[in-house]
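Fold and contact review
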Amino acid sequence: MKVIITGGTGLIGTEISRQLLEKGHEVVYLSRHPRSNKLNIKEYHWDPDTATIDLEAFKNTQGIINLAGAPINKKWTPEYKSEILRSRVDGTRLLFDTIQSQQFPIDFLVSASASGYYANSKEMEYKEDSPPGSDFLSVVCQKWEQEAQLFEKIGIRTVRLRVGIVLSDAGGALPEIARPVRLGLGAPLGSGEQWMPWIHIKDIAAMFVWAATQNTLSGVYNAGGPYNVTNEELSKQVARVLEKPFFMPNIPKFLLKLALGEMAETALASTKINTDKIQATGFKYTYPELTGALKDILK
Ligand SMILES: NC(=O)c1ccc[n+]([C@@H]2O[C@H](COP(=O)([O-])OP(=O)(O)OC[C@H]3O[C@@H](n4cnc5c(N)ncnc54)[C@H](OP(=O)(O)O)[C@@H]3O)[C@@H](O)[C@H]2O)c1
(Lines give C-alpha, C1' and ligand atoms only; values in the text may rest on other atoms or scores of the structure.)
Protein backbone atom coordinates (compact mmCIF):
# COMPACT_ATOMS: atom_id res chain seq x y z
CA MET A 1 0.00 0.00 0.00
CA LYS A 2 1.02 3.65 -0.35
CA VAL A 3 1.29 5.78 2.81
CA ILE A 4 1.85 9.52 3.18
CA ILE A 5 3.87 10.56 6.23
CA THR A 6 3.78 14.19 7.39
CA GLY A 7 6.91 15.10 9.35
CA GLY A 8 8.36 11.86 7.95
CA THR A 9 11.82 13.45 7.86
CA GLY A 10 11.98 13.50 11.69
CA LEU A 11 13.11 11.01 14.32
CA ILE A 12 10.07 8.73 14.47
CA GLY A 13 9.10 9.18 10.81
CA THR A 14 12.47 7.97 9.54
CA GLU A 15 12.22 4.72 11.52
CA ILE A 16 8.56 4.20 10.51
CA SER A 17 9.60 4.67 6.87
CA ARG A 18 12.37 2.08 7.19
CA GLN A 19 9.94 -0.45 8.63
CA LEU A 20 7.22 0.24 6.03
CA LEU A 21 9.73 -0.06 3.17
CA GLU A 22 11.03 -3.34 4.63
CA LYS A 23 7.48 -4.68 4.53
CA GLY A 24 7.19 -3.70 0.85
CA HIS A 25 4.97 -0.62 1.24
CA GLU A 26 5.38 2.62 -0.68
CA VAL A 27 6.06 5.78 1.37
CA VAL A 28 5.93 9.45 0.39
CA TYR A 29 6.44 12.50 2.59
CA LEU A 30 4.70 15.83 2.94
CA SER A 31 7.46 18.21 3.95
CA ARG A 32 7.85 21.98 4.20
CA HIS A 33 11.27 21.67 2.54
CA PRO A 34 11.30 18.80 0.04
CA ARG A 35 14.85 17.52 -0.38
CA SER A 36 16.59 14.22 -0.96
CA ASN A 37 16.80 11.72 1.89
CA LYS A 38 18.82 8.60 2.64
CA LEU A 39 15.83 6.32 2.10
CA ASN A 40 15.14 7.82 -1.35
CA ILE A 41 11.58 8.63 -0.36
CA LYS A 42 9.75 11.07 -2.62
CA GLU A 43 8.98 14.32 -0.79
CA TYR A 44 6.05 16.55 -1.77
CA HIS A 45 5.66 20.11 -0.63
CA TRP A 46 3.13 21.31 1.92
CA ASP A 47 3.03 24.23 4.29
CA PRO A 48 0.41 24.24 7.03
CA ASP A 49 1.19 27.95 7.66
CA THR A 50 -0.01 28.99 4.20
CA ALA A 51 -2.41 26.07 3.65
CA THR A 52 -0.52 24.90 0.57
CA ILE A 53 -0.30 21.22 -0.28
CA ASP A 54 0.76 19.24 -3.37
CA LEU A 55 -2.25 17.12 -4.37
CA GLU A 56 0.00 14.76 -6.38
CA ALA A 57 1.10 13.19 -3.09
CA PHE A 58 -2.40 11.76 -2.58
CA LYS A 59 -2.60 9.73 -5.82
CA ASN A 60 -3.38 6.08 -4.98
CA THR A 61 -2.73 6.68 -1.29
CA GLN A 62 -4.31 4.29 1.23
CA GLY A 63 -3.49 6.15 4.40
CA ILE A 64 -1.71 8.93 6.25
CA ILE A 65 0.63 8.86 9.22
CA ASN A 66 0.57 12.33 10.76
CA LEU A 67 3.63 13.34 12.79
CA ALA A 68 4.38 16.92 11.78
CA GLY A 69 4.85 19.53 14.47
CA ALA A 70 7.35 22.12 15.66
CA PRO A 71 9.83 20.57 18.16
CA ILE A 72 9.02 21.22 21.82
CA ASN A 73 12.65 21.35 22.98
CA LYS A 74 13.19 25.00 22.05
CA LYS A 75 12.68 28.03 24.28
CA TRP A 76 8.95 28.52 24.87
CA THR A 77 8.47 32.19 23.99
CA PRO A 78 4.81 33.16 23.48
CA GLU A 79 5.41 33.17 19.69
CA TYR A 80 7.02 29.74 19.78
CA LYS A 81 4.26 28.27 21.92
CA SER A 82 1.84 29.44 19.30
CA GLU A 83 3.93 27.70 16.62
CA ILE A 84 3.98 24.43 18.62
CA LEU A 85 0.19 24.49 18.68
CA ARG A 86 -0.50 25.87 15.18
CA SER A 87 1.88 23.50 13.39
CA ARG A 88 -0.05 20.51 14.73
CA VAL A 89 -3.61 21.82 14.58
CA ASP A 90 -3.31 23.61 11.21
CA GLY A 91 -1.37 20.72 9.66
CA THR A 92 -3.97 18.14 10.66
CA ARG A 93 -6.80 20.46 9.55
CA LEU A 94 -5.12 21.02 6.17
CA LEU A 95 -4.99 17.24 5.65
CA PHE A 96 -8.65 16.95 6.57
CA ASP A 97 -9.78 19.80 4.31
CA THR A 98 -7.78 18.32 1.43
CA ILE A 99 -9.18 14.80 1.85
CA GLN A 100 -12.70 16.15 2.13
CA SER A 101 -12.66 18.71 -0.66
CA GLN A 102 -10.89 16.39 -3.13
CA GLN A 103 -12.80 13.28 -2.00
CA PHE A 104 -9.56 11.30 -1.75
CA PRO A 105 -10.60 7.77 -0.73
CA ILE A 106 -8.13 7.09 2.07
CA ASP A 107 -8.68 4.16 4.45
CA PHE A 108 -6.90 5.37 7.57
CA LEU A 109 -5.21 8.15 9.52
CA VAL A 110 -2.72 7.32 12.26
CA SER A 111 -2.01 10.55 14.10
CA ALA A 112 0.55 11.25 16.80
CA SER A 113 -0.39 12.74 20.13
CA ALA A 114 1.68 12.58 23.31
CA SER A 115 1.56 11.23 26.84
CA GLY A 116 1.68 14.93 27.78
CA TYR A 117 -2.10 14.79 27.18
CA TYR A 118 -2.47 13.73 30.84
CA ALA A 119 -1.93 15.87 33.93
CA ASN A 120 1.37 15.86 35.76
CA SER A 121 1.00 13.33 38.61
CA LYS A 122 3.29 11.04 40.58
CA GLU A 123 0.38 8.96 41.88
CA MET A 124 -1.97 8.39 38.94
CA GLU A 125 -1.57 5.70 36.29
CA TYR A 126 -3.36 6.87 33.18
CA LYS A 127 -5.55 4.79 30.91
CA GLU A 128 -6.89 6.14 27.63
CA ASP A 129 -10.19 7.27 29.16
CA SER A 130 -8.48 9.24 31.97
CA PRO A 131 -9.18 12.98 31.86
CA PRO A 132 -6.67 15.34 30.22
CA GLY A 133 -4.50 17.84 32.06
CA SER A 134 -4.73 21.60 31.74
CA ASP A 135 -1.12 22.70 31.16
CA PHE A 136 0.17 23.94 27.81
CA LEU A 137 1.25 20.60 26.31
CA SER A 138 -1.93 18.94 27.45
CA VAL A 139 -4.02 21.58 25.71
CA VAL A 140 -1.90 21.16 22.56
CA CYS A 141 -2.52 17.40 22.60
CA GLN A 142 -6.26 17.84 23.14
CA LYS A 143 -6.60 20.27 20.21
CA TRP A 144 -4.38 18.10 18.00
CA GLU A 145 -6.49 15.02 18.76
CA GLN A 146 -9.73 16.94 18.12
CA GLU A 147 -8.50 17.68 14.58
CA ALA A 148 -7.62 14.02 14.03
CA GLN A 149 -11.10 13.02 15.21
CA LEU A 150 -12.62 14.97 12.30
CA PHE A 151 -11.45 12.07 10.10
CA GLU A 152 -13.32 9.64 12.36
CA LYS A 153 -16.49 11.67 11.90
CA ILE A 154 -16.40 11.18 8.12
CA GLY A 155 -15.93 7.41 8.49
CA ILE A 156 -12.16 7.10 8.09
CA ARG A 157 -10.47 4.63 10.44
CA THR A 158 -8.53 6.87 12.79
CA VAL A 159 -5.95 5.92 15.39
CA ARG A 160 -4.45 8.40 17.84
CA LEU A 161 -1.23 7.28 19.54
CA ARG A 162 -0.30 9.08 22.77
CA VAL A 163 3.44 8.71 22.38
CA GLY A 164 5.66 8.46 25.47
CA ILE A 165 9.36 9.39 25.69
CA VAL A 166 11.07 7.90 22.67
CA LEU A 167 14.55 6.46 23.30
CA SER A 168 16.95 6.82 20.37
CA ASP A 169 20.57 7.82 19.81
CA ALA A 170 19.52 10.11 16.96
CA GLY A 171 17.50 12.65 18.96
CA GLY A 172 14.87 13.17 21.65
CA ALA A 173 15.49 12.93 25.41
CA LEU A 174 18.08 10.14 25.64
CA PRO A 175 21.15 11.92 24.18
CA GLU A 176 20.42 14.79 26.60
CA ILE A 177 20.34 12.39 29.53
CA ALA A 178 23.38 10.38 28.34
CA ARG A 179 25.66 13.38 27.65
CA PRO A 180 26.32 14.39 31.30
CA VAL A 181 26.39 10.71 32.32
CA ARG A 182 29.22 10.05 29.83
CA LEU A 183 31.14 12.89 31.52
CA GLY A 184 30.57 11.29 34.92
CA LEU A 185 28.08 14.06 35.77
CA GLY A 186 24.80 12.16 35.59
CA ALA A 187 22.17 13.31 38.08
CA PRO A 188 18.41 13.00 38.53
CA LEU A 189 16.35 16.02 37.47
CA GLY A 190 14.40 17.70 40.26
CA SER A 191 13.28 15.07 42.76
CA GLY A 192 14.02 12.35 40.18
CA GLU A 193 10.72 10.75 41.26
CA GLN A 194 8.81 11.81 38.14
CA TRP A 195 7.53 8.91 36.00
CA MET A 196 8.83 8.61 32.45
CA PRO A 197 6.85 6.56 29.90
CA TRP A 198 9.88 5.38 27.86
CA ILE A 199 9.71 3.40 24.62
CA HIS A 200 12.45 2.22 22.22
CA ILE A 201 12.43 4.01 18.83
CA LYS A 202 11.98 0.70 16.97
CA ASP A 203 8.96 -0.19 19.11
CA ILE A 204 7.22 3.17 18.69
CA ALA A 205 7.76 2.99 14.92
CA ALA A 206 6.45 -0.59 14.93
CA MET A 207 3.35 0.63 16.83
CA PHE A 208 2.61 3.20 14.11
CA VAL A 209 3.06 0.50 11.45
CA TRP A 210 0.85 -1.85 13.49
CA ALA A 211 -1.86 0.81 13.76
CA ALA A 212 -1.66 1.51 10.02
CA THR A 213 -1.84 -2.13 8.96
CA GLN A 214 -4.28 -3.67 11.48
CA ASN A 215 -7.82 -2.76 10.42
CA THR A 216 -9.18 -3.66 13.85
CA LEU A 217 -7.45 -0.72 15.57
CA SER A 218 -9.26 2.57 15.95
CA GLY A 219 -9.57 5.28 18.60
CA VAL A 220 -6.88 6.23 21.07
CA TYR A 221 -4.00 4.19 22.51
CA ASN A 222 -1.25 4.96 24.99
CA ALA A 223 2.00 4.39 23.13
CA GLY A 224 4.74 3.70 25.65
CA GLY A 225 6.68 0.66 26.83
CA PRO A 226 5.14 -2.10 28.97
CA TYR A 227 6.13 -0.27 32.17
CA ASN A 228 7.27 3.21 33.24
CA VAL A 229 10.35 4.16 35.26
CA THR A 230 11.23 7.20 37.33
CA ASN A 231 13.68 9.78 36.00
CA GLU A 232 16.20 8.64 38.63
CA GLU A 233 15.88 4.99 37.59
CA LEU A 234 16.24 5.86 33.91
CA SER A 235 19.34 7.98 34.53
CA LYS A 236 20.86 5.28 36.79
CA GLN A 237 20.29 2.61 34.16
CA VAL A 238 21.90 4.83 31.51
CA ALA A 239 24.94 5.16 33.82
CA ARG A 240 25.02 1.40 34.40
CA VAL A 241 24.86 0.61 30.68
CA LEU A 242 27.60 3.19 29.96
CA GLU A 243 29.59 1.88 32.95
CA LYS A 244 29.79 5.37 34.46
CA PRO A 245 29.41 6.51 38.07
CA PHE A 246 26.12 7.96 39.23
CA PHE A 247 26.48 9.83 42.49
CA MET A 248 25.90 13.51 41.70
CA PRO A 249 23.28 15.36 43.77
CA ASN A 250 19.89 15.94 42.16
CA ILE A 251 19.64 19.01 39.92
CA PRO A 252 17.23 21.28 41.80
CA LYS A 253 13.98 22.37 40.16
CA PHE A 254 14.81 26.07 40.35
CA LEU A 255 18.06 25.57 38.39
CA LEU A 256 16.20 23.70 35.67
CA LYS A 257 13.60 26.44 35.53
CA LEU A 258 16.35 29.06 35.35
CA ALA A 259 18.07 27.18 32.50
CA LEU A 260 15.04 26.05 30.54
CA GLY A 261 12.26 28.46 31.49
CA GLU A 262 8.74 27.09 31.14
CA MET A 263 10.09 24.21 29.06
CA ALA A 264 11.51 22.75 32.32
CA GLU A 265 7.94 21.46 32.73
CA THR A 266 8.73 18.75 30.20
CA ALA A 267 11.80 17.52 32.13
CA LEU A 268 9.99 17.63 35.47
CA ALA A 269 6.60 16.32 34.35
CA SER A 270 5.56 12.99 35.80
CA THR A 271 3.36 10.80 33.61
CA LYS A 272 2.69 7.14 34.22
CA ILE A 273 0.73 5.55 31.37
CA ASN A 274 -0.88 2.14 31.12
CA THR A 275 -0.37 0.38 27.78
CA ASP A 276 -2.63 -2.67 28.30
CA LYS A 277 -4.98 -1.48 25.54
CA ILE A 278 -2.42 -1.57 22.70
CA GLN A 279 -0.95 -4.82 24.06
CA ALA A 280 -4.43 -6.39 24.04
CA THR A 281 -4.55 -5.81 20.26
CA GLY A 282 -1.64 -8.26 19.91
CA PHE A 283 1.18 -5.72 19.67
CA LYS A 284 4.50 -7.25 20.82
CA TYR A 285 7.53 -5.22 21.91
CA THR A 286 11.00 -6.02 20.59
CA TYR A 287 12.46 -4.18 23.62
CA PRO A 288 10.15 -4.78 26.59
CA GLU A 289 12.96 -4.25 29.16
CA LEU A 290 14.62 -0.88 29.71
CA THR A 291 18.13 -2.31 30.15
CA GLY A 292 17.92 -4.21 26.86
CA ALA A 293 16.57 -1.11 25.11
CA LEU A 294 19.38 1.08 26.46
CA LYS A 295 22.07 -1.49 25.62
CA ASP A 296 20.77 -1.67 22.05
CA ILE A 297 20.81 2.11 21.65
CA LEU A 298 23.84 3.24 23.64
CA LYS A 299 26.37 0.46 23.04
N1 LIG B 1 10.20 12.00 20.05
C2 LIG B 1 9.44 11.89 21.14
O3 LIG B 1 9.91 11.47 22.24
C4 LIG B 1 7.95 12.23 21.07
C5 LIG B 1 7.16 12.00 22.19
C6 LIG B 1 5.80 12.32 22.14
C7 LIG B 1 5.26 12.86 20.99
N8 LIG B 1 6.06 13.09 19.91
C9 LIG B 1 5.44 13.73 18.72
O10 LIG B 1 5.54 12.88 17.59
C11 LIG B 1 5.79 13.66 16.41
C12 LIG B 1 7.04 13.11 15.73
O13 LIG B 1 8.10 13.18 16.67
P14 LIG B 1 9.64 13.26 16.22
O15 LIG B 1 10.44 13.11 17.45
O16 LIG B 1 9.87 12.38 15.05
O17 LIG B 1 9.69 14.80 15.76
P18 LIG B 1 10.82 15.57 14.93
O19 LIG B 1 12.05 14.73 14.78
O20 LIG B 1 10.96 16.92 15.55
O21 LIG B 1 10.17 15.70 13.47
C22 LIG B 1 8.94 16.37 13.28
C23 LIG B 1 8.80 16.77 11.82
O24 LIG B 1 7.76 17.76 11.78
C25 LIG B 1 8.04 18.73 10.77
N26 LIG B 1 7.96 20.07 11.36
C27 LIG B 1 8.86 20.68 12.19
N28 LIG B 1 8.45 21.92 12.49
C29 LIG B 1 7.27 22.11 11.85
C30 LIG B 1 6.37 23.20 11.73
N31 LIG B 1 6.59 24.36 12.35
N32 LIG B 1 5.26 23.04 10.96
C33 LIG B 1 5.03 21.85 10.32
N34 LIG B 1 5.86 20.80 10.37
C35 LIG B 1 6.97 20.93 11.12
C36 LIG B 1 9.45 18.47 10.24
O37 LIG B 1 9.34 17.97 8.90
P38 LIG B 1 9.70 18.88 7.60
O39 LIG B 1 10.85 19.77 7.98
O40 LIG B 1 10.07 17.86 6.57
O41 LIG B 1 8.46 19.64 7.27
C42 LIG B 1 10.02 17.42 11.20
O43 LIG B 1 10.83 16.47 10.54
C44 LIG B 1 5.97 15.11 16.86
O45 LIG B 1 4.82 15.85 16.55
C46 LIG B 1 6.19 15.01 18.35
O47 LIG B 1 5.66 16.10 19.07
C48 LIG B 1 7.40 12.79 19.91
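To be clear, the structure that these remarks concern was listed above.
Residues numbered from 1 in each chain as written. Predicted model: local features only at pLDDT ≥ 70, side-chain atom pairs only at ≥ 80, totals over all residues.

**Some thoughts on the overall build of the chain**
Across its full length, the chain carries ten helices and twelve strands. Residues counted as buried form 43% of the 299 residues belonging to the chain. (Helix = DSSP H or I, 4+ residues; strand = E, 2+ residues; numbered from the N terminus. Buried ≥ 20, exposed ≤ 12 C-beta atoms within 10 Å, placed from the backbone.)

**Quick notes on the packing of helix α4 (residues 173–182) against helix α6 (residues 231–241)**
Describing two packed helices takes the angle between their axes plus the distance from one axis to the other. Two elements in contact, α4 and α6, have axes whose closest approach is 10 Å; the angle formed by their N-to-C orientations is 55°. Considered as vectors, α4 and α6 are oriented oblique to each other. For the pair α4 and α6, the crossing hand works out as right-handed. Counting all contacts with α4, which are made through Ile177, Ala178 and Val181, the residues of α6 involved are Leu234, Ser235, Val238 and Ala239. Grouping the constituent residues of the contact of α4 with α6 by class yields six nonpolar, one polar and no charged. (Axes fitted to C-alpha atoms, helices over the stretch in contact; angles between N-to-C directions. Parallel < 35°, antiparallel > 145°, perpendicular 65-115°, else oblique. Left-handed = near helix turned anticlockwise from the far one by under 90°. Contact = placed C-beta atoms within 7 Å. Nonpolar A, V, L, I, M, F, W, Y, C, P; charged D, E, K, R; others polar.)

**A look at helix α5 (residues 201–213)**
Because an α-helix packs 3.6 residues into every turn, residues spaced three or four apart end up facing the same way. Its 13 residues place the ends of α5 18 Å apart at the C-alpha level, agreeing with the 18 Å of an ideal helix rising 1.5 Å per residue. Buried residues dominate α5, accounting for eleven of its 13 residues. For α5, every residue scored as buried is listed here: Ile201, Asp203, Ile204, Ala205, Ala206, Met207, Phe208, Val209, Trp210, Ala211 and Ala212. (Expected span 1.5 Å × (residues − 1).)

**Focus on the sheet that holds strand β3 (residues 42–47)**
If you walk across this open sheet you meet the eight strands as β4-β3-β2-β1-β5-β6-β7-β11, and the pairing is mixed. The open sheet has two edge strands, β4 (52–53) and β11 (219–223), and neither has a second partner. Of the strand pairs in this sheet, β3 and β4 are connected by two bridges, and their pairing is antiparallel. Opposite Trp46, over in β4, you have Ile53 as the bridge partner. Along the sheet, helix α1 (residues 11–22) makes contact with β1 (2–6), β2 (26–31) and β5 (63–66), crossing β1 at roughly 170°. Contacts from helix α2 (residues 78–102) reach β1, β3, β4, β5 and β6 (108–114) within the one sheet, and its direction differs from that of β5 by about 170°. (Pairing = 2+ DSSP bridges.)

**Topic: unusual backbone geometry**
The residue Ala51 is not glycine, and still its phi comes out positive at about 55°. Inspection of the secondary structure assignment puts Ala51 in the loop between β3 and β4. The exposure class of Ala51 is partly exposed, given the 13 C-beta atoms found within 10 Å. Positioned with a positive phi, Glu243 is a non-glycine residue whose angle comes to about 55°.

**Description of the pairing of strand β7 (residues 157–163)**
Most of β7 is tucked away, with seven of its seven residues classed as buried. Read from β6 through helix α3 (residues 136–153) to β7, the crossover connection turns out right-handed. Note: β7 against β11, five bridges, orientation parallel. Bridging across to β11, Leu161 finds its partner in Tyr221. (Right-handed = clockwise from strand over helix to strand, strands pointing away.)

**Some thoughts on the site of the ligand**
Of all residues adjacent to the ligand, which total 25 residues, the nearest are Gly7, Gly10, Ser31, Gly69 and Ser87. Elements that contribute at least two residues to the shell around the ligand include exactly α1, α2, β6 and β8 (165–167). Residue classes in the shell around the ligand are distributed as twelve nonpolar, eleven polar and two charged. (Near = placed C-beta within 6 Å.)

**Topic: the environment of Thr216**
Considering the arrangement of structural elements, one finds Thr216 in the loop between α5 and β11. The sequence separation of Thr216 and Gln149 amounts to 67 residues, and the corresponding C-alpha distance is 17 Å.

**Here's the deal with the packing of α1 against α5**
Across the interface, α1 lies against α5 with an axial gap of 9 Å and an inter-helix angle of 65°. α5 is crossed by α1, and the crossing has right-handed handedness. Where α1 abuts α5, its residues Ile12, Glu15, Ile16, Gln19 and Leu20 lie against Ile201, Lys202, Ile204, Ala205, Ala206, Phe208 and Val209. Taken together, the residues of the contact of α1 with α5 break down into nine nonpolar, one polar and two charged.

**Side note on the nonpolar core**
Core analysis: the biggest nonpolar cluster contains 77 residues, and Leu161, Ile204 and Phe208 have the highest contact counts within it. Broken down by element, this core gets its largest block of residues, ten residues, from α5. With residues up to four places along the chain from it excluded, the contact list for Leu161 reads Val110, Ala112, Ser113, Met207, Phe208, Ala211, Tyr221 and Ala223. (Core = buried A, V, L, I, M, F, W, Y, C linked by C-beta atoms within 7 Å.)

**Let's talk about α3**
Here α3 spans 26 Å end to end across 18 residues, near enough to the 26 Å set by a 1.5 Å rise per residue. Residues of α3 that are buried: Leu137, Ser138, Val140, Cys141, Trp144, Glu145, Ala148 and Phe151. For α3, the secondary structure elements touched by its buried residues are β5, α2, β6 and β7. With its phi angle positive at about 85°, Gly155 sits one or two positions after the end of α3.

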